[in-house]
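These are the residues of each chain, in order.
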Amino acid sequence: MSASEANFDGLIGPTHNYGGLSAGNLASANNAGLVASPRAAALQGLAKMKAMADAGLVQGILPPQARPDIAALRALGFSGTPEDMVRAAWRSDKRLLRNLSSASSMWAANAATVSPSADCADGRLHLTPANLSTMLHRSLEHAQTRRALEAAFPFAAVHNALPGQGDFADEGAANHVRLCANHGKAGVELFVYGRAAGDDCELTKFPARQTLDASRAIARRHGLSAPRTVFARQSKRAIDAGAFHNDVVCVGALETLFYHELAFDDTPAMKDDITKAASGLFDPQFVEVPDSEVPIADAIKAYLFNSMLVAMPGEDRLTLIAPLETAETPSTKAFCDKMVAGKGPIGAVTYVDVRQSMRNGGGPACLRLRVVLTEAERKTCNPDMLLTDDKYDRLCAWVTTHYREALAPDDIGDPALMTESFTALDELTGLLNLGRDFYPFQRG
Ligand code: SUG
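Positions within a chain are numbered from 1, following the residues in the order the chain's sequence is written. In keeping with the predicted nature of the model, local features appear solely for residues at pLDDT of at least 70, side-chain atom pairs appear and are counted solely at 80 or more, and the whole-chain, interface and lining totals rest on all residues. For the side-chain quantities, the full set of heavy atoms in the structure was used; hydrogens and water were omitted.

(A) Quick look at the site of the ligand. Around the ligand, 21 residues are found, and the nearest of them are L21, S22, H137, D247 and C366. Counted as a polar contact is a pair of N or O atoms within 3.5 Å, where, for protein atoms, one must be capable of donating a hydrogen and the other of accepting one, and residues adjacent in sequence contribute only when both atoms are in side chains. Within the side chain of N110, an N or O atom sits 3.0 Å from a nitrogen atom of the ligand. Here an oxygen atom of the ligand sits 2.7 Å away from a polar atom, N or O, in the side chain of H137. Note on areas: Shrake-Rupley with a 1.4 Å probe; residue coverage comes only from the protein chains shown. Compared with its free state, where it exposes 490 Å², the ligand has 100% of that area covered by protein. If you map the ligand onto the pockets, it falls in the second largest cavity. Each residue belonging to the shell around the ligand can be placed in one class, and the counts come to six nonpolar, twelve polar and three charged. In these notes, residues near a molecule or strand are those with any non-hydrogen atom within 4 Å of it. Using only the protein atoms, space was sampled on a 1 Å grid; points where a 1.4 Å probe fits but cannot get out form cavities, open sets with protein on both sides within 12 Å along at least five of seven lines form pockets, and lining residues are those with an atom within 4 Å of a point. Assignment to a cavity or pocket requires that more than half of a molecule's atoms be within 2 Å of the site's grid points. Throughout, the ten residues Ala, Val, Leu, Ile, Met, Phe, Trp, Tyr, Cys and Pro are labelled nonpolar, Asp, Glu, Lys and Arg are labelled charged, and all others, Gly among them, are labelled polar.

So, in structure tokens, the structure goes:
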């Protein structure tokens, strides 16, 4: 069956700010406290989506979540009107309100793990929203993410998140890669984990956010074929260098896996396991970047691997859509230039400006969830959540009307930010035809 890969990007929400909320994510820590521009951030994200749509790829939109999270404020003991709760939370615990106000659902690569119908025993597309249980601000996302995925893919099996307990810590597609010869045929699913239940938590300095147990549970739920499924461990060195997700040091598409030499705990075993799992289907192409050419610190700072690796219509080699920071870092730029001049599977690199998201550790790849859709599935996915020229124009105008130009860390305590955000999101449900009960604040 013919199938293609669509990108569903998280539309950046009106509370985008630099809260310093993610331990182990160096950009989040280093940029904590900077003044953010929600408007510029959202327009950068939309421009990336438009560029992909203009290139002929299917581009979808996942709406931002409503923040601050009023239900969480209430559950944590605040009472009164939403404005009362925001004021009281800011007075008593600024860090808590920052967590409850994060626009982090923009990083759609963490929204869910996706297995295309060709890989699943029941022949349906399966999606498991990630519980994101390691970080408080991200653990609030999964219920609304499920709602958004059900709206986008009404035909699919959209599961509940795994139990939000440490043994099942799950970060979604950021720790998952699917390789295949052809999107419509069975592929190999690679799950990359940082720890297993029962491991000593002190093994890594920074949190290892994905467990083997979560990855295995997802593979079971999705009905994946065991011989076509590979589990590989992230290296401690990569996690402690700031690779809080595997997609900070690895990206794959079709037959190609592009990764840093230090990304995996046991690289020869990972390659061997993928090669065996792919046997009879395709010959995997491994593009390994040596630490001697691109030191891991540069790879993480420049986000070389947090790029989108895509088959552009009409091109016979893959294109890497990298952040501008990759072009500005000498070692990563030199590597990219050499790579495209060679004869390997990656034949072009283009650079995009997503600096607002990058300052929180979210590159081009973080902002999108890849969903392989058969022709029939694409026709049944929600057309209102797909980007068209007209919708792009309307979304840009909506952002320009409602989003603040600047948001300083202390603005999070301002109840007017909540009112503005909810007004904007209420209007967005009309723009995307989501119904007037999509957000919790609309349900009362
Ligand atoms: O989970 N940053 C996100 C970045 C997610 C990147 N996603 C992928 N690699 N796929 C995170 O650490 C920072 C928010 C703050 O500090 O305000 C944050 O949540």
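Text resumes after the structure shown.
(B) A look at the pattern of salt bridges. Any Lys or Arg side-chain nitrogen found within 4 Å of a carboxyl oxygen on Asp or Glu counts as a salt bridge. Counted according to the given criterion, the structure contains 22 salt bridges. In this structure, the salt-bridge partner of R404 is E420, at a minimum N-O distance of 2.9 Å. Here E420 lies in helix α17 (residues 415-431) and R404 lies in the loop between α16 (389-402) and α17, a separation of 16 residues in the sequence. Residues joined in a network through salt bridges with shared partners are K50, D54 and D389. Comment: elements are numbered from the N terminus, with helices defined as DSSP H or I runs of at least four residues and strands as E runs of at least two.

(C) Inspection of the layout of surface pockets at higher detail. Reported here for the largest pocket is a volume of approximately 390 Å³. Around the largest pocket, the lining comprises 18 residues; the ones closest to its centre are D69, A71, Q144, P440 and R443. For the lining of the largest pocket, the elements supplying multiple residues, two or more each, are α3 (70-75), α7 (142-152) and α18 (440-443). Residues that form the lining of the largest pocket fall into these classes: nine nonpolar, five polar and four charged. Grid points are joined across faces, edges and corners, and a volume is the space filled by probe spheres set on the points. Of the volumes computed, that of the second largest pocket is approximately 320 Å³. Every residue lining the second largest pocket is counted, 18 residues in all, and those nearest its centre are L26, A27, I300, K301 and M358. Contributing elements (two or more residues each) for the lining of the second largest pocket: α1 (26-30), α11 (296-302) and α14 (355-358).

(D) The arrangement of the nonpolar core in detail. Joining through side-chain atoms within 4.5 Å is the link that ties buried Ala, Val, Leu, Ile, Met, Phe, Trp, Tyr and Cys residues into a set, and such a set is a nonpolar core. Buried, partly exposed and exposed residues are distinguished by accessible area as a fraction of the type maximum, computed with a 1.4 Å probe on protein chains only: under 20%, between the cut-offs, and over 50%, respectively. Membership of the largest hydrophobic core comes to 95 residues, with the highest contact counts inside it found for L73, F153, L257, L369, L395, W398 and L428. When neighbours within four sequence positions are excluded, L395 is seen to be in contact with L11, L46, I61, L387, L428 and L431. Judged by nonpolar contacts, the second largest core, of 20 residues, contains V251, A253, A322 and V349. Contacts: residue pairs with any heavy atoms within 4.5 Å of one another.

(E) Examining empty space enclosed by the protein more closely. Here the structure, examined in full by the defined rule, presents five cavities of 30 Å³ or more. Of the voids in this model, the largest cavity is the one considered here, and its volume is about 290 Å³. Around the largest cavity, the lining is made up of 22 residues, and of these A173, H176, V177, R178 and R370 lie nearest the centre. Elements that contribute at least two residues to the lining of the largest cavity include exactly β6 (176-179), β9 (250-253) and β15 (368-374). Of the residues in the lining of the largest cavity, the class split is 13 nonpolar, four polar and five charged. The volume enclosed by the second largest cavity comes to roughly 180 Å³. Of the residues that constitute the lining of the second largest cavity, the class distribution is six nonpolar, 14 polar and two charged.

(F) Representation of the sheet that holds strand β8 (residues 229-233). The pairing criterion for strands is at least two bridges between them, as found by DSSP. Taken in spatial order, the three strands of this open sheet run β6-β7-β8, and their pairing is mixed. Edge positions in the open sheet fall to β6 and β8, since each of these has one partner strand only. Adjacent strand axes in the sheet meet at a mean angle of 20°, parallel and antiparallel pairs treated alike. For β6 and strand β7 (residues 188-193), the ladder comprises four bridges, and the chain directions are antiparallel. Its bridge partner lying in β7, L179 is registered against V188. Sheet contacts for helix α10 (residues 267-277): β6, β7 and β8; angle to β8, the most-contacted strand, approximately 175°. To obtain an axis, a line is fitted to C-alpha atoms, over the contacting stretch when the element is a helix, and the angle between two such axes runs from 0 to 180 degrees between their N-to-C directions.

(G) Region of the structure containing the pairing of strand β10 (residues 256-260). Counting buried residues in β10 gives five out of five residues, a clear majority hidden from the surface. Both faces of β10 are covered, namely the face carrying T256, F258 and H260 and the face carrying L257 and Y259. Bridge analysis of β9 against β10 gives four bridges, and the strand direction is antiparallel. Counterpart to C250 in the pairing with β10 is Y259. Between the antiparallel neighbours β9 and β10 lie two residues, among them L254 with a positive phi of about 45°. When β10 meets strand β11 (residues 285-289), the two strands line up parallel, connected through five bridges. Directly across from L257, in β11, lies its bridge partner F286. With the strands pointing away from the viewer, any crossover whose connection runs clockwise from the first strand over the helix to the second is right-handed. Taken together, β10, α10 and β11 constitute a β-α-β crossover, and its handedness is right-handed.

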